Amino acid sequence: MKRILQFLGIFIVVLAAVLIMNTMRFQSRQPEVTPVADVVLDEDALARHLAGGLTIPTVSYQDSARFDAAAFEQFHRYLEAIYPEVFRQLDMEKVNRYSLLFKWAGSNPELKPVLLMAHIDVVPVEPNTESHWTQPPFSGAIADGYIWGRGAIDDKASLFSIMDAVQALLQEGFQPQRTIYLAFGHDEELGGNRGARRIAELLAERNVRLEFVLDEGGARAGGLMPGVQPDVAMIGVAEKGYVSVELTVKGTGGHSSMPPLETSVGILCKAIAKLEEHQMPAELVPPVDQMFRFLGPEMPFSMKLVMANLWLFKGMLASQLTQNPTTNAMVRTTTAPTMLEGSIKENVLPTRARGVVNFRIRPSDDVDAVVEHIRRTVNDDRVQIRVLAAGRNPSPVSSVEAPQFAFVMRTIREMFPGTIVTPSLVVGGTDSKHFSDLSPNIYRFIPVKITPGDLHRFHGIDERISVQNYVDMVKFYIHLIKKV
Ligand SMILES: [Zn+2]
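Thresholds, definitions, all that
- Residues numbered from 1 in each chain as written.
- Predicted model: local features only at pLDDT ≥ 70, side-chain atom pairs only at ≥ 80, totals over all residues.
- Helix = DSSP H or I, 4+ residues; strand = E, 2+ residues; numbered from the N terminus.
- Rg over C-alpha atoms; globule rule 2.2 N^0.38 Å.
- Buried ≥ 20, exposed ≤ 12 C-beta atoms within 10 Å, placed from the backbone.
- Contact = placed C-beta atoms within 7 Å.
- Pairing = 2+ DSSP bridges.
- Axes fitted to C-alpha atoms, helices over the stretch in contact; angles between N-to-C directions.
- Expected span 1.5 Å × (residues − 1).
- Arc of directions from axis to C-beta.
- Parallel < 35°, antiparallel > 145°, perpendicular 65-115°, else oblique.
- Left-handed = near helix turned anticlockwise from the far one by under 90°.
- Nonpolar A, V, L, I, M, F, W, Y, C, P; charged D, E, K, R; others polar.
- Domains from an automatic or database assignment.

Participant: A description of the overall build of the protein chain should follow, citing residues and the corresponding values.
Facilitator: For the protein chain, the count of helices and strands is 14 helices and 15 strands. For a compact globule of 484 residues, the expected C-alpha radius of gyration is about 23 Å, and the protein chain comes in at 25 Å, within 12% of that figure. Each principal axis of the C-alpha distribution contributes one length, and for the protein chain these read about 75 × 75 × 50 Å. Relative to its full complement of 484 residues, the protein chain shows a buried share of 42%. Contacts spanning at least 24 positions in sequence make up 80% of the contacts within the protein chain whose residues lie at least 6 apart.

Participant: Run through the sheet that holds strand 10 (residues 334-341), naming residues and quoting values.
Facilitator: Hydrogen bonding along the main chain pairs the strands of a sheet, whether they run parallel or antiparallel. Pairing in this open sheet of four strands is antiparallel, and the strands run 10-11-9-12 from one edge to the other. At either margin of the open sheet sits one strand with a lone partner, and together these are strand 10 and strand 12 (383-392). The mean angle between the axes of side-by-side strands here comes to 20°, regardless of whether they run parallel or antiparallel. Where strand 9 (residues 241-250) lies against strand 11 (residues 352-361), 10 bridges are found, and the strand directions are antiparallel. Looking across to strand 11, one finds that Thr248 is bridged to Arg354.

Participant: Account for helix 12 (residues 367-378), with residues named and values stated.
Facilitator: Helix length check: helix 12, at 12 residues, gives a terminal C-alpha distance of 17 Å against a target of 16 Å (1.5 Å per residue), a fit within 8%. Those residues of helix 12 not exposed but buried are Val370, Ile374 and Val378. When helix 12 is viewed along its axis, its buried side chains cluster within an angular range of 50° and face the same direction. Along helix 12, the residues that are exposed and aim more than 90 degrees away from the buried face are Asp368, Glu372, Arg375 and Arg376. Structurally, helix 12 contributes buried residues whose contacts are with strand 9, helix 7 (264-277), strand 11 and strand 12. Looking one or two residues beyond helix 12, the residue adopting positive phi is Asn379, at roughly 45°.

Participant: Pulling in residues and values, what's your account of the packing of helix 5 (residues 156-171) against helix 14 (residues 467-483)?
Facilitator: Two numbers describe how helix 5 lies on helix 14: the axes approach to 8 Å, and their chain directions differ by 55°. Compared by their axis directions, helix 5 and helix 14 come out oblique. The handedness of the crossing between helix 5 and helix 14 is right-handed. Across the interface between the two elements, Ala157, Ser161, Ile162, Asp164, Ala165, Ala168 and Leu169 from helix 5 touch Tyr470, Met473, Val474, Tyr477, Ile478 and Ile481 from helix 14. Considered class by class, the residues forming the contact of helix 5 with helix 14 number 11 nonpolar, one polar and one charged.

Participant: How would you sum up the sheet that holds strand 4 (residues 142-143)? Please name residues and give values.
Facilitator: If you trace the three strands from one edge of the open sheet to the other, you get 4-5-15, paired in antiparallel fashion. Both outer strands of the open sheet, strand 4 and strand 15 (464-466), are each paired with one neighbouring strand and no more. Bridging between strand 4 and strand 5 (residues 146-148) involves two bridges; their strand directions are antiparallel. Its bridge partner being in strand 5, Ala143 is matched across the sheet by Tyr146.

Participant: Explain the domain arrangement of the protein chain to me, using residue names and the numbers behind them.
Facilitator: Here the domain parsing of the protein chain yields domain 1 (43-239 + 395-483) and domain 2 (241-392). Taken over C-alpha atoms, the centre of domain 1 sits 31 Å from the centre of domain 2. With 14 residues of domain 1 at the contact, the number on the domain 2 side is 16 residues. Elements represented by at least two residues in the side of domain 1 that touches domain 2 include exactly strand 8 (232-239) and strand 13 (420-426). Here the side of domain 1 that touches domain 2 gets five residues from one element, more than from any other, and that element is strand 13. In terms of residue class, the side of domain 1 that touches domain 2 is built from 10 nonpolar, four polar and no charged.

Participant: Could you give me a rundown of helix 5, with the residues and numbers involved?
Facilitator: Taking 1.5 Å per residue as the helical rise, helix 5 with its 16 residues ought to reach 22 Å, and the 22 Å between its terminal C-alpha atoms agrees with that figure. Across the 16 residues that make up helix 5, a large majority, 13, are buried.

Participant: Which residues make up the environment of Leu15, and what values do they have?
Facilitator: By the secondary structure assignment, Leu15 is in helix 1 (residues 2-24). Taking the number of C-beta atoms within 10 Å as the measure of exposure, Leu15 has 12 and is therefore exposed. With 258 residues separating them along the chain, Leu15 and Ala273 place their C-alpha atoms 42 Å apart.

Participant: Kindly report on unusual backbone geometry, identifying the contributing residues and their values.
Facilitator: Each neighbour pair has its own omega, and for Asp154 with Asp155 the value is 5°, a cis peptide bond. Of note, Asp155 is situated in the loop between strand 5 and helix 5. At the junction of Pro286 and Pro287, the peptide bond is cis and its omega measures out at 5° in the coordinates. Tracing the backbone shows Pro287 in the loop between helix 7 and helix 8 (288-295). With a phi close to 60°, Asn207 is a non-glycine residue in the positive phi region. Within the secondary structure, Asn207 is located in the loop between helix 6 (196-205) and strand 7 (212-221). Since 7 C-beta atoms lie within 10 Å of it, Asn207 is described here as exposed. You will see that Asp462, though not glycine, has its phi angle at about 60°, which is positive. Note on placement: Asp462 falls in the loop between strand 14 (442-450) and strand 15. What makes Asp462 partly exposed here is the crowd of 18 C-beta atoms within 10 Å.

Here's what the structure looks like:
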């Protein structure tokens, strides 16, 4: 007994020493940089450019019959009117009529081009919520230091700040060494198959290979990361996959006064309940484990100790992260039942009960693994399982060791001193997914600053961006393009 206690004592001391040593050696991965010199811009004019763009309702509706071609054409004319230099000096082509591709030829054709992306379309304003907006959603109002409207953050701020940066650089006679492409898809909110995907195919046909791609996805988060005081710039180096699966159960139909012991609705609901109870496993896989390696050194000692010793605490941390929907989405393939259908009348048994479950697939899982998980979990031959439309596997994970990643990281810190930069996983989808054959370095980051109060505004009510925030975005792209 004494020997065992002695052994245990030694074990604990050694373990503590290892944990503490790892923690001491856990150095910050943030590069030291010299902040960039400020540039003077006409801030009112910049704000008006974006505000004008927000008045044009380039909405992506689920029902394609509602597509408003005139709005997209008006948007093109508006861009041409406010960015005449860009349209004169860059090659512009319309792809599939409504998406735009600009090429700014660099002086050194040996260098691989860079692609900056944004999207023209916005999500609809939910009917009957217009009156809840402080400023009408398509007014493009500039008030209280903010530019208001649908698309103010997602994603017209990005599109306009890129255009403003290019125009400012053209006006001062700047000529890039490296070719720069600007790609603005028109159906990102519907998956980008008509816009960004066609642009990617076009560039592939022309044998274009890209140094890196920069699209939306991550942002500068203020006060959103527990344990980290400074702003955290999250560069999405991967995005999750997507698949919706239909479950159907056939019934006999008939009068509800003499139901069978098990109804089709009951069988279906049990299957869905099983899927909720037995979720796919939560694990720290790239790039989420890498995120903690970047954030950990910036955290207080106790949290740092955990992050520095993921070899031991990985499992514990992953299960802790499942407690909250936001972090749960980062560690596992999520299960979201979204649709249910049964009988057409309250006293009629359905001949078919149908449900749809939407899964967002984490890197290192894939569509096949999800379908296999459903079959095993439901384990009931009466439930038919069918994958709806084409599922999409998660994107490849771009390497955080690549010099291109270090370049973007430095650029962010030069522009926003003190900001902690980290790789991250984008849990939604972006247009950049269509470009993974053109470059291994796909980054999803816009330099907009997001605070906790902003989170409900995307795709929601009162979407807005502060004028200061917008001007900083323009400065970021000016700095990036100059450096690239
Ligand atoms: Zn977007």
